[in-house]
Amino acid sequence: MIEAQTEGDRRVATSRTNQSVIDAAVHNEVSSTRALFPYLPPYWVEHLEQTQFKGPSDFYYPTNSPIAARPNSRPAPDEVVAPLTGRTRAAAAAGPPPASALGVVQREVLGAGAEAAVLCSPYPVDSLHNPDAAVAFATAVNDWQIAEWLDKDPRVKASIVVPIQIPELAIREIERVASHPGFVQVALPIRTQHPLGSRLYHGLWEVIARNNLVAGLQFGGAPGVPPTPSGWPSYFMEEYIDMAGVFATQVTSIVCEGVFDRCPSLKVALLESGFTWLPAHMWRFDKEWKNLRRLVPWVKRAPSEYIREHFRVTVLPLDEPEGNPRQLLETVEQLGSDDMLMYASHFPRVHAADPEEALIRHLPETLARKVRSENARALYGL
Amino acid sequence: MVQTLARSEARSKTRPALIDGDFHNELNSIKDIYPYLAKRWQTHIETHGVRGPAGATYPRFMDHREDARPPSGRVSGSEVGWSAKDYMDPYNVAHAMCIPLTPAGRQLNFDLDAALASAVNDWQINEWLDPEPRLRASIACSIENPPAAVAEINRVGNDKRFVQVQFSGRPQEPMGRRKYWPIYEAAAKHGLHIMSHAFGSYGNPITGAGWPSFYLEDHVGPAQAAQANVVSLITEGVFDHFPGLKFVSVENGFGWIPSLMWRMDSAWSLLKSEVPHLKRKPSEYFPDHIYMTTQPVEEPHRPEQFNQLMEHFGAMVNNLVFASDYPHWDSDDPDFALPNILSDEIKQKIHYDNGRNLYNL
């Protein structure tokens, strides 16, 4: 059923199939802090206009990195609000941030064949240590998402941005906007000050579950603590690679702390984590649980059973053995579940592999259909 | 090695010989090394104690196997004669690599740290290597104070019974950072490997997102910690600069190797302009430079997946060295550690040949 590959079209894989496709993660950026002015309290607008503070600056991807923006992912200048001065000169020269206008996502993602797209904003409110600023910007981004994205195109769903560094404020923000039908998920950075299973966050998990939202754990985060167990690496390339390890430890924490025993309906999406690390992680986790389960008596089943039931994973970055699709398929099989993988373009970011070409078209047809759309449809209730 | 075997008490055994990459020579108490420590530091320890960065206390049930405790009642693994009788003889261990887990290498007081490292190494020479010729050892040194570490490596590095320089699982910085290069230079000069044993930290939590709550998490986490160190060693160009250097990852598992190689190559294909000093594709450094020990051996959900794992990193068959972790609570029994699905030929390599090649035995 899959149409022949066509050369040259590198927008999204969906253009290469006539199957139903849902894009489980598109990272919509705020075009400029000025775009949030209508949604910010006067106190912060005044700050932004009169002081050197121009909004959060610790973005999860280096602004001009070769992987931060695909061709055609930046809106035309007249599609967005004119920027505040204060963005770095290099960033300003590159044009508006990628994926910072609905029109771009409509053209490049929905226009290429996805029937729906789930937005997951990487706006780094977690980097704002001033809690009032964190709340103000999270609130503004969510109201901006409602007005500029959700209310304009029903094919687009979005994720609630929260100040994760202060869980009770994150809870309040979720409760403020959760009733909007366009919000299907809470966006949480995978890098946090404390492991996400910690009891600090149990109220947050409960409010996510109670509102039938998905917890979307996404690549990045700017919590101020180092991203590896040995401190700060020198290069972004390392941080990018090491992020898989942060995903793994968050999975460990969330299962160990009994989050799913407290919230049996909860689902967690790992976004831009890749998945090839997950089978070996389940093996080690199960083995250690067998030895040490008396420490966590509320974890009643092997960790891999919780993981298969409660976690969903997007396929990018597709860490694949070069020229060896068989080994990649063996790794998919090692997951032990057809329900976990979800296609996502992670537009506007650039990845080495095209998920359709490198993976999905090699899968058995039933599984391919689940990866392209059915797993995301079930997860997000689309 | 044939001669060594012939001399050993194990010569009457018919079982195949074993080389063990993770054997713990334990202190019953810090007083065990007082004979090698200046009075000034003995007094210091009695008064002020040993002090590393705090933050890794978890309720847990035991460190050591009770069944390995010597009749004297001292800590399991703290008497060379008993460890030989209890473990090395019955399992026909031809060689075992001592990895001392002591306060050396993680002191906030650098002068104390250097003194402790020298004392630990002298204790190893006198109380382990001299009495038991089957043993080899790891050099304890002040990894966070490289000038002192270099001095210690130069002091004992000519003793060929030392085969590697010991790092904890979580140094203060990722292991490829320039800070540590003088240590690698000294190690390379003496033909020593760099070994990182799981656990132990210079203050960093075991996750990239803070301290977890339970010892179970602390025991799953070394796989992620080791990966960050491998990523750093390769990305910083350590193996380009020291082409003979080998990194031995102990007690961190090995199931993560294939996906890490794939991810590194994929990231490098997009971001190589950030690291133009790298001479090769990241995965190409693994066969020559990255070695792993077995314990805790991976337990895939289906037996054939173990063979897939071996195949996904083709050089695993040469770079994987058996380890028991004797006498710790989670040590692997050599008779049951490797899955039955592995061929006898591969088992022989893991149990013996790979260790012999890696450590020039």
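Preceding block: the structure.
Residues numbered from 1 in each chain as written. Chains lettered and ligands numbered in written order. Predicted model: local features only at pLDDT ≥ 70, side-chain atom pairs only at ≥ 80, totals over all residues.

Chemist: So what exactly am I meant to see when it comes to the overall build of chain A here?
Modeler: Counting secondary structure elements, chain A contains 13 helices and eight strands. Taking the principal axes of the C-alpha coordinates as reference, chain A spans close to 60 × 50 × 45 Å. In chain A, the proportion of contacts linking residues at least 24 apart, taken out of those at least 6 apart, comes to 82%. (Helix = DSSP H or I, 4+ residues; strand = E, 2+ residues; numbered from the N terminus. Contact = placed C-beta atoms within 7 Å.)

Chemist: Hey, could you run me through the sheet that holds strand β8 (residues 320-321) of chain B in this one?
Modeler: Two strands in a sheet stick together by hydrogen bonds in their backbones, pointing the same way (parallel) or opposite ways (antiparallel). Residue and element names in this part refer to chain B. If you trace the eight strands from one edge of the open sheet to the other, you get β1-β2-β3-β4-β5-β6-β7-β8, paired in parallel fashion. What marks the edges here is a single partner per strand, and that holds for β1 (18-23) and β8. Relative to strand β5 (residues 193-197), strand β4 (residues 162-167) runs parallel, the two sharing four bridges. Residue pairing across strands places Phe167 opposite Ser196, the latter belonging to β5. Lying on the sheet, helix α4 (residues 110-129) is in contact with β2 (93-98) and β3 (135-139); it crosses β3 at an angle near 175°. (Pairing = 2+ DSSP bridges. Axes fitted to C-alpha atoms, helices over the stretch in contact; angles between N-to-C directions.)

Chemist: Help me out: how do you make sense of the sheet that holds strand β5 (residues 214-218) of chain A in this one?
Modeler: Residues and elements named next belong to chain A. An order of β1-β2-β3-β4-β5-β6-β7-β8 is seen for the eight strands of this open sheet, with the pairing classed as parallel. Unpaired on one side and paired on the other, β1 (22-26) and β8 (341-342) mark the two borders of the sheet. Relative to β8, strand β7 (residues 311-314) runs parallel, the two being bridged by two bridges. Note that in β8 the partner of Thr314 across the bridge is Met342.

Chemist: I tried to follow the environment of Glu330 of chain A on my own but got confused; where do I start?
Modeler: Considering the arrangement of structural elements, one finds Glu330 of chain A in helix α11 (residues 325-334). C-alpha of Glu330 of chain A to C-alpha of Leu292 of chain A: the two residues are 38 residues apart in sequence and 29 Å apart in space.

Chemist: For this particular structure, what's the right way to read α4 of chain B?
Modeler: Think of an α-helix as turning once every 3.6 residues; residues three or four places apart then point the same way. An ideal rise of 1.5 Å per residue puts 28 Å on 20 residues; α4 of chain B measures up with 27 Å between its terminal C-alpha atoms. Among the 20 residues that make up α4 of chain B, 14 are buried, leaving the element largely enclosed by the rest of the structure. (Expected span 1.5 Å × (residues − 1). Buried ≥ 20, exposed ≤ 12 C-beta atoms within 10 Å, placed from the backbone.)

Chemist: Even after reading the chapter, I still don't get the interface of chain B and chain A, so can you show me in this structure?
Modeler: How big an interface is tends to be expressed through the accessible area that disappears when the partners come together. Taken together, the contacts link 59 residues of chain B with 60 residues of chain A. Breaking the side of chain B that touches chain A down by element, the ones donating at least two residues are α7 (215-220), α8 (222-235), α10 (257-271) and α12 (304-312) of chain B. By residue number, the principal contributor to the side of chain B that touches chain A is α10 of chain B, which donates eleven residues. By residue class, the composition of the side of chain B that touches chain A is 25 nonpolar, 23 polar and eleven charged. (Nonpolar A, V, L, I, M, F, W, Y, C, P; charged D, E, K, R; others polar.)

Chemist: Which parts of the structure should I look at to understand α12 of chain B?
Modeler: Every buried residue belonging to α12 of chain B is among Gln305, Phe306, Leu309, Met310 and His312 of chain B, and all of these are buried. The buried residues of α12 of chain B occupy an angular sector of 165° when the element is viewed end-on, so they sit on one face. Where α12 of chain B is buried, its residues meet α11 of chain A together with α10 and α13 (316-319) of chain B. (Arc of directions from axis to C-beta.)

Chemist: Before we go on, may I ask you to explain the environment of Val315 of chain A in this structure?
Modeler: All names here are of chain A. Mapping Val315 onto the fold places it in the loop between β7 and α11. By C-beta crowding, Val315 is classed as buried, having 28 other C-beta atoms within 10 Å. Along the chain, Val315 and Ala344 lie 29 residues apart, while their C-alpha atoms are 6.9 Å from each other. Look past the residues within four positions of Val315 in its chain and what remains in contact with it is Phe275, Leu341, Tyr343, Pro355 and Leu359.

Chemist: Before we go on, may I ask you to explain the packing of helix α4 (residues 131-150) of chain A against helix α5 (residues 167-177) of chain A in this structure?
Modeler: Helix-helix packing: each pair is described by the crossing angle between the helix axes and the interaxial distance. All names here are of chain A. Close contact between α4 and α5 brings their axes to 11 Å; oriented N to C, the two are set at 20°. The orientation of α4 with respect to α5, classified from their angle, is roughly parallel. By crossing handedness, the relation of α4 to α5 is classed as right-handed. Residues Pro131, Val135, Ala138, Thr139 and Asn142 of α4 pack against Leu169, Glu173 and Val177 of α5. Across the contact of α4 with α5, the residue classes tally to five nonpolar, two polar and one charged. (Parallel < 35°, antiparallel > 145°, perpendicular 65-115°, else oblique. Left-handed = near helix turned anticlockwise from the far one by under 90°.)

Chemist: How should the pairing of β3 of chain B be read in this particular structure?
Modeler: Side-chain direction in a regular strand flips from residue to residue, so the side chains alternate between the two faces of the sheet. Among the five residues in β3 of chain B, five count as buried, and that is most of the element. In the classification by handedness, the crossover that spans β3 of chain B, the intervening helix α5 (residues 146-156) of chain B and the parallel β4 of chain B is right-handed. (Right-handed = clockwise from strand over helix to strand, strands pointing away.)

Chemist: Explain unusual backbone geometry to me, please; I cannot follow it from the model alone.
Modeler: For residues besides glycine, phi is generally negative; the peptide bonds are generally trans as well. The omega torsion across Phe347 of chain A and Pro348 of chain A is 10°, close enough to zero to call that bond cis. Looking at where Pro348 of chain A falls in the secondary structure, it is placed in the loop between β8 and α12 (355-358). A cis geometry characterises the amide bond from Tyr326 of chain B onward to Pro327 of chain B, with omega recorded as 0°. Even without glycine at this site, His346 of chain A takes up a positive phi of about 55°. Since 26 C-beta atoms lie within 10 Å of it, His346 of chain A is described here as buried. A positive phi angle is found at Phe199 of chain B, which is not glycine, with a value near 75°. When you line up the elements, Phe199 of chain B lands in the loop between β5 and α7.

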